[in-house]
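Commentary on secondary and tertiary structure
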Amino acid sequence: MRKIVNLNRDWEYTGSFDEAFASGSGSFCGVSLPHTCRETPFDYFDESIYQTVCGYRKRVALPREAEGKRVFLCIGAAAHSAQVYVEGVPVGERHLGGYTAFEVELTGLIAPGGEALVAIEVDSRESQDIPPFGHVIDYMTYGGLYREVYLRIVDKSFISDVFAKPGSDGTLKSEVTSENGAGLTVRQKVFFGEEEVCSGEFKAGAECALKVPGVRLWELAEPNLYTLVTELADGAEVIDRVETRIGFREAVFKADGFYLNGKKTKIIGLDRHQSYPYVGYAMPASIQRYDADILKYELGVNAVRTSHYPQSRHFIDRCDEIGLLVFTEIPGWQHIGGEKWQDIAVSHTAEMVKQYRNHPSVILWGVRINESADNDAFYKRTNETAHALDPTRQTGGVRCNKKSSLLEDVYTYNDFLHSGGNAGCEPKKNVTPDMTKGYLVTEYCGHMYPTKTFDSEEHRLEHALRHARVLDSVAGEEDIAGSFGWCFFDYNTHKDFGSGDRICYHGVCDMFRNPKLAAAVYSSMREGDPVLEVSSSMDIGEHPASNRGRVYVFTNADSVRFYQNGEFISELTAKDSEYKNLRRPPLEITDYIGERIEKNENFKPKQAKYVKDILNESTRFGMDRLSAKSKVKAAWLMLRYRMGFTQAYALYGKYIGNWGGKSIEFRFEAVKDGKVVKTVTRSAFREMKTSFTVSSAMLREGATYDVAAVRIRMTDQDGNVLPFYMGTAQIEIKGPLELIGPDNAQLRGGSGGFYVKTKGESGRAEVTVRTESGSETLEFEIIREEQI
């Protein structure tokens, strides 16, 4: 039977690998995996600081029961090429590429019951002739052994791969590949939870076929998962056993959209990088899984694209569990290299497909380099490789060109048409050369309107509305399968991109995953906890001429009631929104106030001409920031009561501008099924508070260390984030935890965060956070689990 030995602790690390280090000499520091080759500042750092040839070494003990068995060293990822050594001697081939797993056989190199020095040279330089390198790249690529490492010990006859092909009708075909399996038997059992639902026995090498009665499908709202247990046996003796988690479903892109289990489903997703502040790619399972939870349960999307490379199996595992669709793709960004480079990309395609093809959440393989030019000879190979290794899934390839050569099954396109005042997306017919195939938008917004948490209110609102406009347009196009917005969160990038501080502010969240206003566009579409976000702080001094302009609310409730100083003003519902294709669109409160004083009076011809003249001069009157409907109402007031614009504007809605008047309290109530489910109050600032969102207060020391993410928000007395707050949070730890990054976390736009990690010990820990509003102590419990 196989045995797994985790090797994630007690590694010796050097930032400068050489032969002496591989042989056991030279200086080092102790590290645990996952590990980044260099911790980085939050911002303002050069990408050269992580580009190095580093090394990891560890004395690896092999248990006595490994006698007569085969031993493999399995590495989850090493950025970006790696060579394994045993006692200073190279073993196996150098693995080229930093985003897929690989293994090296160590059989005969470590004596059972003994140990040997295993070293891994990791080259993180971006000058290597491998994907994604060769030209500029709009993201940091980091380095190190940033995923897990373990030994797999198996008998001479063993299962090398199980490829399960579950169908929505309950049929389950699978290809079981074994080494030295001739004459042996393959036995399979399928479990739903603890219940065995079917089983079968087959000759090794033959296709296995089972039928699950009353199958429960993998759906977005109910992602049912089964466990396929595959055994390789010699008579009654079980030689090897592999468990594969599967889901029964049919996912297909058609000419008119995407279908999951026969039901047309509009994809609403975001693009995700796998990076984090300070440690780049190096985060354990719990934090990888937490990102999936944020996407599903906080932002409310139903899909994620792993841009621009395959990502952690723990992240994909969680997508399987919670019902989050995944589009994953090979590493790369615009550049296509020479013949050797292309060969490596084809091997990346094979590795990606073989490593992720049993995940029900994965619905599409990306077999083109993101935004690259056409190259039919190259992409014919990647497309054929994906289809040969997985005939059950379709292929796509993200491009930024219209009518490009389409070898794949789905035309996947980065649509950056929308720039504020135009259409939200291109019609399918304007982009794809083949209307009979599926069509999917894979990026929008992003660099078209970078937005920081501390940008002006108008800027943050426009960022949100751009996302809403694109989503609304895509929702209105029946033959567009859906869209992925760029992107989930802000990220560090190269000097060629970003805002000069090495950050791309393209996310709907900041780097710590704190939501910006644009996140509310997505979260308002989800079920569950009530959502109510208001686009304005209602502070007049934030706006030109002290006029608040357009104000929106975002909610997943049935309606929103609006009050001014306790007086009911109006109730807003989706039917009144300008966004006609979204089920829960942004609601503008501006126009509803005007109805209280307009009284629906009609214009006479001369009055209409005067209104038209005012509208033509709207900029001179300071009306350029109003919607067209609002301009008409303000112009009508100027005519009707012979007043100036400022006075008309104030009468039109006192909440818009009350320069010289007392501050006003505004209250917004989200109403669901006739009941108030959430309230937001906007009033003058009186008190500063600090709020925390902790990923988990229970940390588990298991196969790796564990990490907790702590998100910080500075708010007023009503719980509203302070968007222009700039400060720090001083962090102090007592107990078996250590801090990732600096102990004075920067808070920008009222938001920030930090991470704490376990140190191999169990117990209780206290993390005290001091801000301007005072101090608060967060408590954690650390459990040391038995190593598996």
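The notes below deal with the structure included here.

Let us look at the sheet that holds strand S6 (residues 81-86). The strand order S3-S2-S4-S9-S6-S7 describes an open sheet built from 6 strands, whose pairing is antiparallel. Every interior strand has two partners, whereas the edge strands, strand S3 (29-31) and strand S7 (89-96), have only one. Going across the sheet, the axis of each strand differs from the next one's by a mean of 25 degrees, ignoring polarity. Pairing of S6 with S7, which is carried by 5 bridges, proceeds in the antiparallel orientation. Bridging across to S7, Val84 finds its partner in Val91.

Two aromatic rings are characterised by how far apart their centres lie and by the angle between their planes. Under the defined criterion, the tally for this structure stands at 29 aromatic pairs. Each ring, one from Phe17 and one from Phe21, has its centre 6.1 Å from the other, and the planes form 70 degrees; the classification is edge-to-face. Here Phe17 matches Phe21 in class, with each residue buried. Between the aromatic rings of Tyr563 and Phe568, the centroid separation amounts to 5.6 Å while the plane-to-plane angle is 70 degrees, which identifies the pairing as edge-to-face. The structure contains a cluster of three or more aromatic residues connected by ring pairs, namely Tyr50, Tyr99, Tyr139, Tyr142, Tyr146, Tyr281 and Tyr309. Residue placement shows Arg357 over the ring face of Phe163; its charged tip is 4.2 Å from the ring centre. We note Lys757 situated over the ring of Tyr705; from NZ or CZ to the ring centre the distance is 4.0 Å.

To continue, consider the sheet that holds strand S11 (residues 158-166). Two modes of strand pairing occur in sheets, parallel and antiparallel, and in both the strands are linked by backbone hydrogen bonds. A sheet is described by the order of its strands in space; here 3 strands give the open sequence S11-S12-S15, paired in antiparallel fashion. In the strand order of this sheet, the two ends are held by S11 and strand S15 (208-211), each with one partner. Neighbour-to-neighbour, the strand axes of this sheet turn through a mean angle of 25 degrees, independent of strand direction.

At their nearest, the axes of helix H2 (residues 285-298) and helix H3 (residues 313-322) sit 8 Å apart, and the two run at 40 degrees to each other. When the axes of H2 and H3 are compared, the pair comes out oblique. Pair H2 / H3 crosses with right-handed handedness. Only His314, Phe315, Asp317, Arg318, Cys319, Glu321 and Ile322 of H3 make contact with H2, whose side of the interface consists of Ala285, Gln288, Arg289, Asp291, Ala292, Asp293, Leu295, Lys296 and Tyr297. Grouping the constituent residues of the contact of H2 with H3 by class yields 7 nonpolar, 2 polar and 7 charged.

When the charged atoms of two side chains with opposite charge come close together, those side chains can pair. Considering all chains together, one arrives at 52 salt bridges under this definition. The partner of Arg59 in a salt bridge is Glu115, with the nearest N and O atoms 2.9 Å apart. Of this pair, Arg59 sits in strand S4 (residues 53-61) while Glu115 sits in strand S9 (residues 115-123); the two residues are 56 residues apart in sequence, bridging distant segments of the chain. For Arg59, a relative accessible area of 44% translates into the label partly exposed. Of the charged contacts in the structure, one is a salt bridge between Glu121 and Arg94, with a shortest N-O distance of 3.0 Å. Here Glu121 is found in strand S9, whereas its partner Arg94 is found in strand S7, with 27 residues between them in sequence. For Glu121, a relative accessible area of 11% puts it in the buried group. For Arg94, a relative accessible area of 31% puts it in the partly exposed group.

Rules used in this analysis
- Residues numbered from 1 in each chain as written.
- Predicted model: local features only at pLDDT ≥ 70, side-chain atom pairs only at ≥ 80, totals over all residues.
- Heavy atoms only, no water.
- Pairing = 2+ DSSP bridges.
- Helix = DSSP H or I, 4+ residues; strand = E, 2+ residues; numbered from the N terminus.
- Axes fitted to C-alpha atoms, helices over the stretch in contact; angles between N-to-C directions.
- Phe/Tyr/Trp six-rings, centres within 6.5 Å; stacked < 30°, edge-to-face > 60°.
- Buried < 20%, exposed > 50% of the residue type's maximum accessible area, 1.4 Å probe, protein only.
- Lys NZ or Arg CZ within 6 Å of the ring centre and 35° of its normal.
- Parallel < 35°, antiparallel > 145°, perpendicular 65-115°, else oblique.
- Left-handed = near helix turned anticlockwise from the far one by under 90°.
- Contact = heavy atoms within 4.5 Å.
- Nonpolar A, V, L, I, M, F, W, Y, C, P; charged D, E, K, R; others polar.
- Salt bridge = Lys/Arg side-chain N within 4 Å of Asp/Glu carboxyl O.

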